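In case you want the letters, here they are:
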Amino acid sequence: MNSAVPRRHQWTAMGSPCEIQLFTEDFGPVDEAFVAAVAEVERLEQLYSRYRPASFLSEINRAAANGESIAVDAETALLLDYADTCFRESGGLFDISSGILRRAWAFKSGRMASEKDLAVLLPLVGWVKVEWRSPELRFLIAGMELDLGGVVKEYAVDRVAALLVERGLVSGFVNLGGDVRVIGPRPGGEPWRVGIRHHRVQEGVAGLIAIERGALASSGDYERCIVVDGVHYGHILNPKTGWPVRELAAVSVIAELCLVAGSAATIAMLKDNGGPGWLDRLGLPHRWTSTSGTSGGTI
């Protein structure tokens, strides 16, 4: 009979509820791992939060605002290289310079963008307007802004999972705001059952997926949204038009790394009605739901 018992740690970081659950027979390494995991997430938030004036991302954006150059460290270069790959693989839809468009959309107050707002901001969007030659970032026009929110939380999930495995912990999962990485099955080899959030029912679950190892990440128009004249507008914005995606309401993807799962889900959302076909060609297990309520995929 397996004597491992579950241990759980919950906290809030990156604006999201976070949880680690582990099965172990020795509490000592688990307590140390919880401390290390919280510290690692905090480290990444200090580096890449756009809300913290002292973050390195804020320093990058001060250079961007002035149309200047800035040298970055190896970890930031890794994230920028990945974002560059996503930009190219998505046909320019996954663009870390598009975060500036949120200035036109006030999702908290319910104000939608106007064409005038977008006409001011769209010229400041475009990864092609940034010269990236590691380790130097050079902003070709002044007034731009980068947002790494589309990669950092998923990267943090993978970093925490790696820390746990390095400490010999091989049964459990990491969940940062719904982005999940399973480091190993439950005792006895049973998989974990991970819920997929419902695209319209608050706190609702659309389904459960059994995972022994790997990551599940989701993207949807439900996290921040407004409804104007009966029309639902989500926070996932097309960087070429400034308007929210219209065809897909939610996408979930399973991959070995949470970073890959999360970016694939977001790219599929951005591709609108081309998303399902792109996911099929990608070959990763996935599930999508359209704004009309139809669903499909391979999960």
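Along each chain, numbering runs from 1 in the same order as the chain's sequence is written. Totals for whole chains, interfaces and linings use every residue, but because this is a predicted model, local features are given only for residues with pLDDT of at least 70 and side-chain atom pairs only at 80 or more, for both listing and counting. Side-chain measures were taken over the full set of non-hydrogen atoms in the model, leaving aside hydrogen atoms and water.

As for the overall build of the protein
Heads up, the rule is: Under the scheme used here, helices are H or I runs from DSSP no shorter than 4 residues and strands are E runs no shorter than 2 residues, and both carry numbers assigned from the N terminus. A radius of gyration in this sense is built from C-alpha atoms; the matching globule rule multiplies 2.2 Å by the number of residues raised to 0.38. Buried means the residue's accessible area, taken with a 1.4 Å probe over protein chains only, is under 20% of the maximum for its type, while exposed means over 50%, and partly exposed covers the values in between. We call two residues in contact when some of their heavy atoms are within 4.5 Å. Note on areas: these come from Shrake-Rupley sampling with a 1.4 Å probe, and a residue is covered only by the protein chains present in the view. Positive charges are assigned to Lys and Arg, negative charges to Asp and Glu, while His and the chain termini are left out of the count. The atom standing in for a charge is NZ when the residue is Lys, CZ when it is Arg, CG when it is Asp and CD when it is Glu.
Assigned secondary structure in the protein consists of seven helices and 15 strands. Expected size for 299 residues packed as a compact globule is a radius of gyration near 19 Å; at 20 Å, the protein falls within 12% of this value. Considered along the principal axes of its C-alpha atoms, the protein spans approximately 65 × 45 × 35 Å. Counting every position in the protein, which comprises 299 residues, the buried fraction comes to 52%. Taking the contacts inside the protein whose residues are at least 6 apart along the sequence as the reference set, 58% of them involve residues at least 24 apart. Accessible surface, the protein: about 13,900 Å² in total, of which carbon and sulfur atoms supply 51%. Put simply, the protein has 30 plus and 36 minus side-chain charges, and the middle of one group is 4 Å from the middle of the other.

Observations concerning the packing of helix 5 (residues 149-166) against helix 6 (residues 258-270)
We apply this condition: Between N-to-C directions, angles span 0 to 180 degrees; the directions come from axes that are lines fitted to C-alpha atoms, helices contributing only their stretch in contact. Any angle that falls under 35 degrees is termed roughly parallel, while one over 145 is termed roughly antiparallel, one within 65 to 115 roughly perpendicular, and all others oblique. In this scheme, a crossing is called left-handed if the near helix is turned counterclockwise away from the far one by less than a right angle; it is called right-handed if the turn is clockwise. Residues are grouped as follows: nonpolar covers Ala, Val, Leu, Ile, Met, Phe, Trp, Tyr, Cys and Pro; charged covers Asp, Glu, Lys and Arg; every other residue, Gly included, is treated as polar.
Helix 6 packs onto helix 5 with a crossing angle of 155° between their chain directions and a minimal axis gap of 7 Å. Classified by the angle their axes make, helix 5 and helix 6 are roughly antiparallel. For helix 5 against helix 6, the interelement crossing comes out right-handed. Contacts between helix 5 and helix 6 involve Val 151, Glu 154, Tyr 155, Val 157 and Asp 158 from the first element and Cys 258, Leu 259 and Gly 262 from the second. Its residues assigned to classes, the contact of helix 5 with helix 6 comprises five nonpolar, one polar and two charged.

Geometry only, nothing functional implied.
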